[in-house]
Amino acid sequence: MKSLHAEFDALRRRFPPGFEPSLVLPCLRRIQEERGHVADADIDDLVAYLRVPRIRIEEVLSYYTQFRRAPIGRFHLQVCRNVACSMRGAEGVVAQIDERLGIAPGETTEDGRCTLSTVECLGSCGTAPVVVVNETYHENLTPERLDALIEGLAR
Amino acid sequence: MVEIFIDGDRVEAQEGQTVMQAARASGHVIPYFCWHPALSVPGNCRICMVEVEGDGTAAGWLDIACNMPVAKGMRVLTDSPRVRSRRKQMLQLVTLNHPVDCGICDKAGECTLQDYHYQYNGEPSVSRDVKVRATKHFPLSDRIVLDNERCIVCSRCVRFTREISKSDSLGIVNRGDHSLVRASEDGALGRDPYSDNVIDICPVGALLSRPFLHQARVWYLEPTPSVCPGCERGCTVQIWHRKREWKLNRLDAKLNARIERVTPLENAAVNGPWICNKGRDLAQLFDRPRALAPLVAGREVALDAAVDAARALIAAARRPVALVSSWASNEELAAFDRTIASRFTCRVKTDWLPLPGERVEDDVLIKADKNPNRTAAIARYPGSAFERPEAFPSGCDLVLVWGEGCRADALPAGARVVRMDAWLHPDNARADVFVPISVQTERSGHYTNFAGTVSRFEACFAKPDGVADAEALFASLAAAAMAEAT
Amino acid sequence: MTGRKLIMTFPVTADSHTLAAYRARGGYATIEKAVRGMRPDEVTKEVAASGLLGHGGAAFPAGRKWGVIKLNDEQPHYLCANADEGEPGTFKDRWILENAPHLLIEGMLIAAFALQVRHAFVYIRGEFDLPYRRIAGAVDEAYAAGWLGAPIAGSAFACDIVVYRGAGSYVCGEASGLLTSLEGRKGYPRNRPPRLTVRGLYQLPTVVNNVETLANIPGIVRDGAATFRSVGTAKSPGTQLISISGHVRKPGVYEVEYGYPFAKFLHDDCGGVLGGGKLKCVIPGGISTKVLTAAEIEPLTLDHASVAAAGSGLGSGGMVVIAEGTCMVRLLQVLVRFYHHESCGQCTPCREGMGWLHKIVDRIVAGEGELDDIDRLIAISHANDGTTICGMGDAAGYATVGILAKYRDEFEHWIVHGRSRHGGRLEAVGAEWALPETVDG
């Protein structure tokens, strides 16, 4: 993504010499922030800019859970399903989202607004159950607070 | 030197070696999937675990041998009860999700996993759960098909493209038991002229040759050592063909004289354990239509008649030129030299030039000269062949064209032509005399590569009836010369 | 009060994380003291003398790790703060990143000085949002004030810090997986040898320390090893930030002086069991430590030796409280599902074994288990014990055998009767999530 090259140049200067390959993760994150996902053309551009093998970027995109190569809904609801959250109602959270929005984990609402995923531990066990919407943590959820959160997304 | 003990044997290992290297160098067997002597050490299959005995103060421990540095006095056991138990566990896990495809898998009979299973485990699966499913028959490139269910994710193929062929064209996507070997989406694997080496080094039937797919069971085949004629590197290869005792009786007899596949013949002095894809495709080279009939002025004659006619032409010629094949073996060149060469102005010809799209040269194996034995030929005769009619010495009245790479219109108009070649071509009928000759796979001999290394090839097949060996042909032609001299 | 405090020594307010607030608390005076009056090896000696144990879970002596770095060897050294914090049940590094980011930075500066590091990194898990903004903001403040990027206190020492975000992978919290990720690749852990302190980031000597470990450094160098040792126990000097969650009334991060009694901690400081029920068991130090029954853990003190003697480990201090009535089969199901999801896939025992564990437990939960499945789970755990590239295989095994050792009967019950003894319950009795009626329903 050519518009980001100036930013990438500045980022590169913060790393020691020889660390160009390290830029793969931060550059992909920035591209995804701009586009919503990483497109094939973005991969070609990044390969040329960083001079890393294309397969390296394909592998990284497939390995990390936060990267995606296809668009999803405008709001990405990520529900933690690990120990503490499960013990504080995570399954109820998923059921309530399904009840209100009609989507199960892995699905997107018809209007393309909301995508639901279940994720592993978010480091928020003390404020379980937790839903992350895009980047933001919504902690200490109760059924009422979750309804308010969902309604807020509908507006 | 580091003194260690392996299974009680005293071994002098080198500084910096791993136990795996020291074991192999001293003839001790440690099984492995992911380790390879020419590749980096990933240490992921875990099958090479060995036991290091405690020394009284510390307890013994087990760890992978491929990443274990030798240490003075260490006592390694490669087959203790603990090692056997761990090895069996690891094999149970390697085969946990492995499909029992042996009945339809080309790797059967030369499969490391098969061999290790029977040697170190030998029991049915202990799992009652469904195996992981993945893509089967996945086209990795035009030449290579991948079965991800069989794949044990050892990463040999990935490391090969990263470290040896340097195409960086293979990787492993996803993670956990969803991991899949994949080729980069820009098609780089299809442009990697060494891609097929991953088929050899795959320890299971995951990576298979598409041309060879389901063509033959390997135990019906045998390899004959040979030398690839694709360039002056002269990689030693194994040419696989049906064993005589397994020849097909009812089907086309040509199937019994077919190159089924070509694999590297490991050679520390020339190509290591690798060859390029051109060598894999030798069947295409040797399978072209053969010239089978001797010709005089374009008419089929018996071999004797053709030899007589050639002999007469040579005797009568006043300024004969010989264009010597750069595919001639050392033996053929010697025979030529001691028989009739002195009658001719000899030049070594370039039989083959690089084809469009073919890699010309690199720093792995491929050399720009696409002829296997120019080195030996130019040791005897000058290398600059006459390539246009005008270039020939004036008064040239006979050209002996030996091998490919010289078309009829490149020859001087007034000269007579004696052509000796293996391949069917309209130019054969335009020669005054044409004698069909044998190819490399029909005789034994040697080539000398660009560095002066001499390698031997053996005969795989019988030559067709009516086709002459060049060495015998030269002897026959010489008989006249000697008679002339006396 | 849970004993003396070394880290959580100030009230958290709207700006207690800022540089100004940190300076007001005496911040950055210690790095000045170090570069002005100490040699790098003297700093390492002090840290070694303090007995500081790593806070990432392995409790390896920090000073001993630092001591492997060869000074003046004419090659770059790197320091990396491990802020990946992916161990389920653990969320204490997050507290430091959000509320005391400058404490981490000063700890890193002192470490960088001791280890002759010019470039240091904070590897922070990609999911962390506020913690990332706080530490990135603090790094910016430190640069603006000249603590980063420029020589400190007229010395030759200067250090740069780059905050590097992960992208969702638990094994990037394993030190070698972290570095491989920092190199822009999949977070594949590495075999040892070589140790990372010999060949780490881009094959150069690297120290990876947990955030909490580094946060302890300024205090040790400021007050000396002896003062540090006067807190906690002989074998576990200092404090631990305990993350407590699950069926507990007051979950959160508490700084606990090592040696503090567990029972007092849970029942007094943390409000006791959620819902008022009885304690069933506790996972003491992150899910990779073996579960301890109420009877086993109640008499213990919170330090490594005490918990180890009971057959488990304090690990990263991620304590998960489990009330009576919880189904341990379903609990294990959550854990093996996690390990299966997070396996990087490199090595045979973990790649194949995690999926196998998951399938077996799923099958038991679906009512299709057989009695010999239990021993199979134990065998798979054993096949992952000491055979894998990194500790995740072993961890999954410990979690599994730990639960099976204490609660085998629940598994047998489900297999024989086709259902959970506890109704498949994961929530505390009386504290269940209740789907509210829809407005128009």
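Residues numbered from 1 in each chain as written. Chains lettered and ligands numbered in written order. Predicted model: local features only at pLDDT ≥ 70, side-chain atom pairs only at ≥ 80, totals over all residues.

Peer 1: Even after reading the chapter, I still don't get the overall build of chain A, so can you show me in this structure?
Peer 2: Looking only at helices and strands, one finds seven helices and four strands in chain A. Along its sequence from the N terminus, chain A presents helices and strands in the succession α-α-α-α-β-α-α-β-β-β-α. For chain A, the spread of C-alpha atoms along the three principal axes comes to 50 × 35 × 25 Å. Residue burial in chain A is summarised as follows: out of 155 residues, 42% are buried. (Helix = DSSP H or I, 4+ residues; strand = E, 2+ residues; numbered from the N terminus. Buried ≥ 20, exposed ≤ 12 C-beta atoms within 10 Å, placed from the backbone.)

Peer 1: Is there a simple way to think about the overall build of chain C in this case?
Peer 2: Regarding its fold elements, chain C presents 18 helices and 11 strands. Along the longest, intermediate and shortest principal axes, the C-alpha atoms of chain C span 75 × 55 × 45 Å. Out of the 441 residues in chain C, the part that is buried amounts to 59%. Here the contacts in chain C between residues at least 6 apart in sequence split such that 73% fall between residues at least 24 apart. (Contact = placed C-beta atoms within 7 Å.)

Peer 1: Honestly, the interface of chain C and chain A in this entry has me stumped. Any pointers?
Peer 2: Where the parts come together, the accessible area they lose is often given as the size of the interface. Counting residues at the interface gives 47 residues for chain C and 46 residues for chain A. With five residues, the top contributor of residues to the side of chain C that touches chain A is helix H15 (residues 328–342) of chain C. Tallied by class, residues from the side of chain C that touches chain A come to 21 nonpolar, 14 polar and 12 charged. (Nonpolar A, V, L, I, M, F, W, Y, C, P; charged D, E, K, R; others polar.)

Peer 1: Sorry, what's going on with the sheet that holds strand E6 (residues 138–139) of chain B here?
Peer 2: As a general point, the strands of a sheet are linked pairwise by backbone hydrogen bonds and lie either parallel or antiparallel. The strand order E6-E7-E10 (chain B) describes an open sheet built from three strands, whose pairing is antiparallel. This sheet does not close on itself; its edge strands, each paired only once, are E6 and strand E10 (207–209) of chain B. (Pairing = 2+ DSSP bridges.)

Peer 1: Which parts of the structure should I look at to understand the sheet that holds strand E13 (residues 261–264) of chain B?
Peer 2: Residues and elements named next belong to chain B. Here we have three strands laid out as an open sheet, ordered E11-E12-E13, and antiparallel in their pairing. Only two strands of the sheet have a single neighbouring strand rather than two, namely strand E11 (221–227) and E13. Geometrically, the sheet is characterised by an average inter-axis angle of 30° between neighbouring strands, direction not taken into account. Bridge count between E11 and strand E12 (residues 236–242): seven bridges; the pairing is antiparallel. Within the sheet, the bridge partner assigned to Ser226 lies in E12 and is Val237. (Axes fitted to C-alpha atoms, helices over the stretch in contact; angles between N-to-C directions.)

Peer 1: In this structure, what is going on with helix H2 (residues 29–37) of chain C? I would like to understand it.
Peer 2: Think of an α-helix as 3.6 residues a turn; residues three or four steps apart then line up on the same face. All names here are of chain C. Taken together, the buried positions of H2 are occupied by Thr30, Ile31, Ala34 and Val35. Viewed end-on, H2 has its buried residues packed into an arc of 130°, placing them on one side of the element. With respect to the buried face of H2, the exposed residues turned more than 90 degrees away are Arg36 and Gly37. (Arc of directions from axis to C-beta.)

Peer 1: Just checking my understanding: could you explain the nonpolar core for this structure?
Peer 2: Soluble globular proteins tend to pack their nonpolar side chains together in the buried interior. Within the largest apolar cluster, 299 residues are counted, with the highest numbers of intra-cluster contacts made by Cys48 of chain B together with Cys80, Leu104 and Met108 of chain C. The greatest single-element share of this core, amounting to 11 residues, is contributed by helix H6 (residues 101–115) of chain C. In this view, Leu104 of chain C contacts Ala81, Ile96, Leu97, Ile135, Val211, Leu214 and Ala215 of chain C; residues no more than four positions away in its chain are not counted. With 16 residues, the next largest nonpolar core counts Val24, Cys27, Ile43 and Tyr64 of chain A among its residues. (Core = buried A, V, L, I, M, F, W, Y, C linked by C-beta atoms within 7 Å.)

Peer 1: Looking at this structure, I do not really get the environment of Glu107 of chain A. What am I missing?
Peer 2: Residue and element names in this part refer to chain A. Examined against the element boundaries, Glu107 turns out to sit in the loop between helix H6 (90–101) and strand E2 (114–119). Take Glu107: there are 15 C-beta atoms within 10 Å of it, and that puts it in the partly exposed class. Taking the C-alpha atoms as reference points, Glu107 and Ile57, 50 residues apart in sequence, are found 26 Å from one another.

Peer 1: Help me out: how do you make sense of the interface of chain C and chain B in this one?
Peer 2: At the interface, 23 residues of chain C touch 23 residues of chain B. Looking at the side of chain C that touches chain B residue by residue, the class counts come to nine nonpolar, 10 polar and four charged.

Peer 1: Is there a simple way to think about the domain arrangement of chain C in this case?
Peer 2: Residue and element names in this part refer to chain C. Per the domain assignment, the segments making up chain C are domain 1 (19–229), domain 2 (239–323) and domain 3 (328–417). Computed from C-alpha coordinates alone, the two centres of domain 1 and domain 3 are separated by 35 Å. Taken together, the contact pairs 10 residues of domain 1 with eight residues of domain 3. Classifying every residue of the side of domain 1 that touches domain 3 gives five nonpolar, four polar and one charged. (Domains from an automatic or database assignment.)

Peer 1: What is the right way to look at the packing of helix H2 (residues 24–35) of chain A against helix H4 (residues 54–63) of chain A in this model?
Peer 2: Packed helix pairs are characterised by how far apart their axes lie and by the angle those axes make with each other. All names here are of chain A. Where H2 meets H4, the axes come as close as 11 Å, and the angle between the chain directions of the two elements is 65°. In terms of orientation, H2 lies roughly perpendicular with respect to H4. As for the relative orientation of H2 and H4, their crossing is right-handed in sense. Residues Val24, Leu25 and Leu28 of H2 touch H4, and the partners they reach there are Arg56, Ile57, Val60 and Leu61. Of the residues assigned to the contact of H2 with H4, the class counts are six nonpolar, no polar and one charged. (Parallel < 35°, antiparallel > 145°, perpendicular 65-115°, else oblique. Left-handed = near helix turned anticlockwise from the far one by under 90°.)

Peer 1: Help me understand the domain arrangement of chain A, please; the structure alone is not making it clear to me.
Peer 2: In terms of domains, chain A is made up of domain 1 (2–63) and domain 2 (75–154). Between the C-alpha centres of domain 1 of chain A and domain 2 of chain A there is a distance of 30 Å.

Peer 1: Would you take a moment to explain the packing of H15 of chain C against helix H18 (residues 391–417) of chain C for this structure?
Peer 2: Residues and elements named next belong to chain C. At a closest axis distance of 9 Å, the pairing of H15 and H18 adopts a crossing angle of 155°. In this view, H15 runs roughly antiparallel relative to H18, as classed from their interaxial angle. The two elements H15 and H18 meet at a crossing, and its hand is left-handed. When H15 is examined against H18, the residues Met328, Val329, Leu331, Leu332, Leu335, Val336, Tyr339 and Glu342 are found in contact with a partner set consisting of Met392, Ala396, Ala399, Thr400, Ile403, Tyr407, Glu410, Phe411 and Trp414. When its residues are assigned to classes, the contact of H15 with H18 shows 14 nonpolar, one polar and two charged.

Peer 1: How should I be thinking about the pairing of strand E19 (residues 416–421) of chain B in this particular structure?
Peer 2: Two faces, one strand: in a regular strand the side chains alternate between the faces of the sheet. Taken together, the five bridges between strand E18 (residues 398–402) of chain B and E19 of chain B define a ladder with parallel strand orientation. Note that in E19 of chain B the partner of Val399 of chain B across the bridge is Val417 of chain B.

Peer 1: Even after reading the chapter, I still don't get the pairing of strand E6 (residues 252–257) of chain C, so can you show me in this structure?
Peer 2: Residue and element names in this part refer to chain C. Burial of E6 is extensive: five of the six residues sit out of reach of the surface. Here strand E5 (residues 239–246) pairs with E6 via six bridges, running antiparallel. Bridged to Gln240 within E6 is Val256. In this structure, the hairpin formed by E5 and E6 is closed by a connection of five residues.

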